[in-house]
Number of protein chains: 2
Amino acid sequence: MPSDLKEIGIRAKKAEPELRTLKTEQKNEALMKAAEELVNQSSEILAANEQDINAARENGMKPGMIDRLRLSKERIESMAEGLRQVAALEDPIGEVIGMKRRPNGLLIGQQRVPLGVIGIIYESRPNVTADAFALCFKTGNAVILKGGSDAIRSNTAIVKILRTSLAEVNVTADAIQLIESTDRETTAAFMKMNDYVDVLIPRGGAGLIRAVVNNSTIPVIETGTGNCHIFVDESADIQMAVDIIFNAKTQRIGVCNACESLVVHDKIRERLLPALKKRLDEKQVELRGDESACSTIPGIKPAGEDDWGREYLDYILSIKTVSSLEEAIAHINRYNTGHSEAIITENYENAQRFLNEVDAAAVYVNASTRFTDGFEFGFGAEIGISTQKLHARGPMGTLALTSTKYIIYGNGQIR
Amino acid sequence: MPSDLKEIGIRAKKAEPELRTLKTEQKNEALMKAAEELVNQSSEILAANEQDINAARENGMKPGMIDRLRLSKERIESMAEGLRQVAALEDPIGEVIGMKRRPNGLLIGQQRVPLGVIGIIYESRPNVTADAFALCFKTGNAVILKGGSDAIRSNTAIVKILRTSLAEVNVTADAIQLIESTDRETTAAFMKMNDYVDVLIPRGGAGLIRAVVNNSTIPVIETGTGNCHIFVDESADIQMAVDIIFNAKTQRIGVCNACESLVVHDKIRERLLPALKKRLDEKQVELRGDESACSTIPGIKPAGEDDWGREYLDYILSIKTVSSLEEAIAHINRYNTGHSEAIITENYENAQRFLNEVDAAAVYVNASTRFTDGFEFGFGAEIGISTQKLHARGPMGTLALTSTKYIIYGNGQIR
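All values derive from a computational prediction rather than experimental measurement.

With the rule as written, the count across this model stands at 62 salt bridges over all chains. The partner of arginine 75 of chain A in a salt bridge is aspartate 67 of chain A, and the shortest N-O contact between them spans 3.6 Å. Arginine 75 of chain A sits in the partly exposed class, given a relative accessible area of 36%. Exposure remark for aspartate 67 of chain A: the relative accessible area of 41% places this residue in the partly exposed category. Note that aspartate 266 of chain B is salt-bridged to arginine 269 of chain B, the shortest N-O span being 2.8 Å. Of the residues examined, aspartate 266 of chain B reaches a relative accessible area of 30% and is grouped as partly exposed. A relative accessible area of 12% means that arginine 269 of chain B is categorised as buried. Here the salt bridges share partners, and the residues they tie into one network are Lys13, Glu16, Arg20 and Asp198 of chain A together with Asp359, Lys389 and Arg393 of chain B.

This brings us to the sheet that holds strand S10 (residues 301-302) of chain A. Across the sheet, 10 strands lie side by side as S10(A)-S9(A)-S11(A)-S8(A)-S7(A)-S12(A)-S13(A)-S16(B)-S2(B)-S1(B); this open sheet has mixed pairing. In the strand order of this sheet, the two ends are held by S10 of chain A together with strand S1 (96-101) of chain B, each with one partner. Two elements, S1 of chain B and strand S2 (residues 107-114) of chain B, share four bridges in a ladder whose sense is antiparallel. Looking across to S2 of chain B, one finds that arginine 101 of chain B is bridged to leucine 107 of chain B. Here helix H11 (residues 269-281) of chain A sits on the sheet in contact with strand S7 (228-232), strand S8 (259-265), strand S9 (286-289) and strand S11 (316-322) of chain A, set at roughly 155° to S8 of chain A.

Structurally, glutamate 90 of chain B can be placed in the loop between helix H5 (73-88) and S1. Measuring from C-alpha to C-alpha, the distance between glutamate 90 of chain B and glycine 380 of chain B comes to 9.5 Å, with 290 residues separating the pair along the chain.

This part covers helix H5 (residues 73-88) of chain A. All names here are of chain A. For H5, which comprises 16 residues, the first-to-last C-alpha distance of 23 Å matches the rise-based estimate of 22 Å (1.5 Å per residue) to within 8%. Listed in full, the buried residues belonging to H5 are Ile76, Met79, Ala80, Gly82, Leu83, Val86 and Ala87. Relative to the axis of H5, the buried residues are bounded by an arc of 145° and lie together on one face. Away from its buried face by more than 90 degrees, H5 exposes Lys73, Glu74 and Ala88.

For the rest of this paragraph, the subject is helix H9 (residues 206-215) of chain A. Residue and element names in this part refer to chain A. By the burial criterion, the buried members of H9 are Leu208, Ile209, Val212 and Val213. Looking straight down H9, one finds its buried side chains confined to an arc of 130°; they lie on one side. Buried residues along H9 sit in contact with strand S3 (117-122) and strand S6 (199-203).

Reading the values: the criteria
Residues numbered from 1 in each chain as written. Chains lettered and ligands numbered in written order. Predicted model: local features only at pLDDT ≥ 70, side-chain atom pairs only at ≥ 80, totals over all residues. Heavy atoms only, no water. Salt bridge = Lys/Arg side-chain N within 4 Å of Asp/Glu carboxyl O. Buried < 20%, exposed > 50% of the residue type's maximum accessible area, 1.4 Å probe, protein only. Pairing = 2+ DSSP bridges. Helix = DSSP H or I, 4+ residues; strand = E, 2+ residues; numbered from the N terminus. Contact = heavy atoms within 4.5 Å. Axes fitted to C-alpha atoms, helices over the stretch in contact; angles between N-to-C directions. Expected span 1.5 Å × (residues − 1). Arc of directions from axis to C-beta.

All quantities given are derived from atomic positions and should not be read as evidence of function.
Written as structure tokens, this is what we have:
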């Protein structure tokens, strides 16, 4: 392990006891101070960001990516507002859950505690730096950030301001540390720092997430891709189905909770598809259908086997026809990525069966998959959307960054 | 991946939908049937076990290990009784937690669901085979077992009976599968079966657990070693301290919740240590003390730096003297393995600080660390004791083998 990386690990572990026992008011004061300083010192951040953008242009980065990298006065204000919102959230640390007395008199409960040290590996969006810090800090964790090399100057400027703000309110600056080397060796070593890091959260594209899952020896929370389906049952309200599919497919195409595939019951196909095509044409959505779908709306492309597993993140929708609810559920459970799945139906029994039998982080009846989001679920914040089943599943708010410990009050009990 | 291993993975995934939706009564009927058949066919199990034991003897296995491998009529009855107890437990699957209505009318709750496919890698105790099956099955999971080569014949016999019992009550036999190859390549490939296995739980010694953590790409629940401390505060009741330490050290020495190290406040040292030594002498416990402890009870061995981190699993206890609660907490947080830690005190403030500041799965006031156990905590069963912070921490009962999914009832909501 490179010695600077080890040093960062040691500092984080050293900060842990202080952070674990910080009072809620101290945490909120620090978050408000950090918000203020990000705005006050926005010109420093913007200058650093300008350098990142110039370098990215020289390296031939695509305009879409450059947009994700770019900061502005407004984006910095929005980062600061994010910190203020996290300050306003309830502090989950210290709560004791389910305390019960055992027959031998022991009083046993679970106290909510921080995870400890959280590692976050992310790509070129520098706003993640402040967002991730805020949630980790509010939950009493130290965070070690490893951002992309494209955003290194922006991230360094943001982290410097956050650290100074912490120190000004007498909180250890090591609550947040940034790994400044951006080479692969450092990233590889970071993923094996089990002695210093309790959990690793990758945020970014499928390639990054796969690399972290395959290489990390630290427990990982997989945030993921979404191949989300909407199944239109034979009893569906056609207008509701069209509205929901239009929303889930086109409201924002590049997000993991967008709809990528329509599954349609054979008995409603002829009523639904022409109306749906008309609506999706407003946004020039390309349709790719199976044989049955193609015969209903002539002129659309045929879908190949590889379409069923695709997360397009584009104005493209695949269409699969099925002849029963069972077939729909089997298709979805085979091709989904465990993210968000919906049924549109007026049939009570089918709604309940779909909810019970579809295996995904979020399963909807008669609503858009686009609601799978920490803010929409009422958590007030989000560190990502987990598509794994361990620890946290679905949108992750503050609770996902906590653990529990058993606390036991006795009066001399022995076995 | 060896083809037989892949075949096992495919079968487990195929069994998943059936297991996920099994009714509680079906699960309990299967468990009761399996208990009955284990007893009925105990002679087959004992014959296979005899072959394992003969082979182990020929391979020069130590008597203590042979004892762990050995089955008897009584041990098989006790395995069967374990199955019956799990049948009697509440079924956690299907429960919906915290359903709330959002301002837009969406009704959002979390439904408890199985994890899916659980892999268990364990060493030579064949009773784990039935225990692990029972808990995984009750929680609607498929389980793939990889036991030690020493117990392969016993495990094969037990799994055969369990599978037949399942089939007899019309439940898929693939709820339990045993990997019969015991070579290293198979184990290595098993730990990378992310497409088929949702979580891996190693059960065994520190070496096995470390190997799984380092090599698995599947999420692991680390069950662990315990370097458990008892801190005797200056205000402690001497008799209570002696009773608790004697119990935690000597009631069963080979277990992870046994006390390995005593931390004693300097101001109570002279009253506590001679009385404690007298009591521990009944079991010939070897004491290894720091300078201060050695000066109080002359003739004991001096402790070296490496004693503080040792899990002896033997009649040995290290003794560290401290001059404050802070020093005790810092020592414990430095050397513990995140398992079980206790304070003996009559001081309210110190009890609360110890509970808040010690970082471990279970933190006790005035009780023996030996209570860290699923049965003692009232879970009715235990799949192991987690010493990690992610997903489950401390004794793991049925809930640790479940996940949740969000279920959302809408009536046409879009964003």
